[in-house]
Amino acid sequence: MKLVVLVGSMRERSASRFALAVAARGATEAGAEVRWLEIKDLDLPFCDGREDPATYGPAVTTFRAAVAEADALLVGSPEYHGSLSGSLKNAIDLLGTDTLKGRMVGLLAAARGDAGAMNTLNHLRHIFRWVHAWVLPTQVSIPRAAEAFDDGGRAVRPGVEEELLNLGREVVRYARLLAGNGQAYTVTDDRKQ
Ligand SMILES: Cc1cc2nc3c(=O)[nH]c(=O)nc-3n(C[C@H](O)[C@H](O)[C@H](O)COP(=O)(O)O)c2cc1C
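The structure displayed is predicted, hence computed values, not measured ones.

Asks: Help me out: how do you make sense of helix 3 (residues 58-68) in this one?
Replies: One full turn of an α-helix is made of 3.6 residues, so residues set three or four places apart face in the same direction. Within helix 3, the full set of buried residues consists of Val-60, Phe-63, Arg-64, Ala-66 and Val-67. All buried residues of helix 3 lie within an arc of 160° about the axis, which places them on one face of the element. Turning to helix 3, the residues buried within the fold contact strand 1 (2-7), strand 2 (33-38), helix 2 (39-42), strand 3 (72-78) and helix 4 (86-100).

Encoded structure:
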């Protein structure tokens, strides 16, 4: 069971990265082989809508290959103006349906405000559904993100650590169920959306 962690924040001290690290621990405990991908290190170009992604060069090819060989993803984003970060959206655009369809996806997001990151989570859910990924109903929103983790990456508020561990465990559990069911999921209807 291979799982990719996709870090949508480029900040040095990032709450969503801290949260992903806890969720990844849950996934590892559940038996996943975890590969950690930081958008800030991937050196991705902007998606410009070209037909052949291979012509973007090695950074995009390597990124797409890493996701293509994963059964599941844990994706974390900061909330920027009520939505996911632009860098994460660009990365998802570079992946496309051919790479993401049939993958199990667990989501988390972090926001500065009290209201948390529900808009970001809803937008991510919509996007991943659009590319025919399976999005786990379980998700984690981190409000007041600046004070949500200590410097060692431990969740400060009661219950959050367990919520994150559970997200990691569940994404592995449901990816296994999907894989055990004869797999691979295929889109039989090739209509454009
Ligand atoms: C461009 C930008 C837009 C932001 N928009 C929001 C927002 O709409 N709501 C909010 O609560 N916080 C907003 N924030 C604050 C971030 O959500 C907050 O810093 C969060 O911790 C970022 O996640 P990270 O710690 O993983 O980088 C914004 C920050 C930036 C840089």
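Asks: What should I look at first to understand unusual backbone geometry in this one?
Replies: Residues apart from glycine generally show negative phi values, whereas peptide bonds are mostly found in trans. Phi at His-132 is positive, roughly 65°, even though this residue is not glycine. Along the polypeptide, His-132 turns up in the loop between helix 5 (118-130) and strand 5 (134-142). At Arg-144, a residue that is not glycine, the phi angle is positive and equals roughly 40°. Residue position: Arg-144 is located in the loop between strand 5 and helix 6 (160-179). Since its relative accessible area comes to 30%, Arg-144 is described here as partly exposed.

Asks: So what exactly am I meant to see when it comes to the nonpolar core here?
Replies: Burial of nonpolar side chains together is a common tendency in soluble globular proteins. Of all hydrophobic cores here, the largest spans 33 residues; its most connected members are Phe-63 and Phe-128. Among the secondary structure elements, those contributing two or more residues to this core are strand 1, helix 2, helix 3, strand 3, helix 4, strand 4 (104-110) and helix 5. The dominant element in this core, judged by the number of residues it contributes, is helix 4, at 6 residues. The residues touching Phe-63, leaving out its near neighbours within four places in the chain, are Leu-6, Leu-37, Leu-42, Leu-44, Ala-91 and Leu-95. Counting 32 residues, the second largest nonpolar core, distinct from the first, contains Ala-19, Val-140, Leu-167 and Val-171.

Asks: What am I meant to see in the side chain of Thr-99 here?
Replies: Mapped onto the elements, Thr-99 comes out in helix 4. Polar contacts involving the side chain of Thr-99 include one to the side chain of Arg-64, which spans 3.5 Å. Beyond its immediate chain neighbours, meaning those up to four positions away, Thr-99 contacts Arg-64, Val-67 and Ala-68.

Asks: Whenever I open this one, the site of the ligand confuses me. Can you help?
Replies: Every one of the 15 residues lining the ligand counts as a neighbour, but Ser-9, Arg-11, Ser-14, Ser-16 and Glu-79 are closest to it. The separation between an oxygen atom of the ligand and a polar side-chain atom of Ser-14 is 2.7 Å. Residue Arg-112 places a main-chain N or O atom 3.2 Å away from an oxygen atom belonging to the ligand. Among the residues forming the shell around the ligand, the class breakdown is 6 nonpolar, 6 polar and 3 charged.

Asks: What is the right way to read helix 6 from this model?
Replies: Taking 1.5 Å of rise per residue, 20 residues should cover 28 Å, and helix 6 covers 29 Å from first to last C-alpha, within 8% of that figure. Within helix 6 the residues assigned to the buried category are Val-160, Leu-164, Leu-165, Leu-167, Gly-168, Glu-170, Val-171, Val-172, Ala-175 and Leu-178. In the core, the buried residues of helix 6 are packed alongside strand 1, helix 1 (15-29), strand 3, strand 4 and strand 5.

Asks: It is not clear to me how the sheet that holds strand 4 should be interpreted in this structure. Could you clarify?
Replies: Strand-to-strand pairing in sheets goes through backbone hydrogen bonds, with the strands running parallel or antiparallel. Spatial strand order, 2-1-3-4-5: 5 strands in an open sheet with parallel pairing. Of all the strands in the sheet, just strand 2 and strand 5 have a single pairing partner and so form its edges. Adjacent strand axes in the sheet meet at a mean angle of 15° when their direction is disregarded. Direction of pairing for strand 4 relative to strand 5: parallel, over a ladder of 6 bridges. Its bridge partner lying in strand 5, Ala-110 is registered against Ile-142. Along the sheet face, helix 1 touches strand 1, strand 2, strand 3, strand 4 and strand 5 and points at about 160° away from the line of strand 3. Against the sheet, helix 6 touches strand 1, strand 3, strand 4 and strand 5, its axis set at about 170° to strand 5.

Conventions we followed
Residues numbered from 1 in each chain as written. Predicted model: local features only at pLDDT ≥ 70, side-chain atom pairs only at ≥ 80, totals over all residues. Heavy atoms only, no water. Buried < 20%, exposed > 50% of the residue type's maximum accessible area, 1.4 Å probe, protein only. Helix = DSSP H or I, 4+ residues; strand = E, 2+ residues; numbered from the N terminus. Arc of directions from axis to C-beta. Contact = heavy atoms within 4.5 Å. Core = buried A, V, L, I, M, F, W, Y, C linked by side-chain atoms within 4.5 Å. Polar contact = N/O pair within 3.5 Å; in protein donor to acceptor, adjacent residues only side chain to side chain. Near = heavy atom within 4 Å. Nonpolar A, V, L, I, M, F, W, Y, C, P; charged D, E, K, R; others polar. Expected span 1.5 Å × (residues − 1). Pairing = 2+ DSSP bridges. Axes fitted to C-alpha atoms, helices over the stretch in contact; angles between N-to-C directions.

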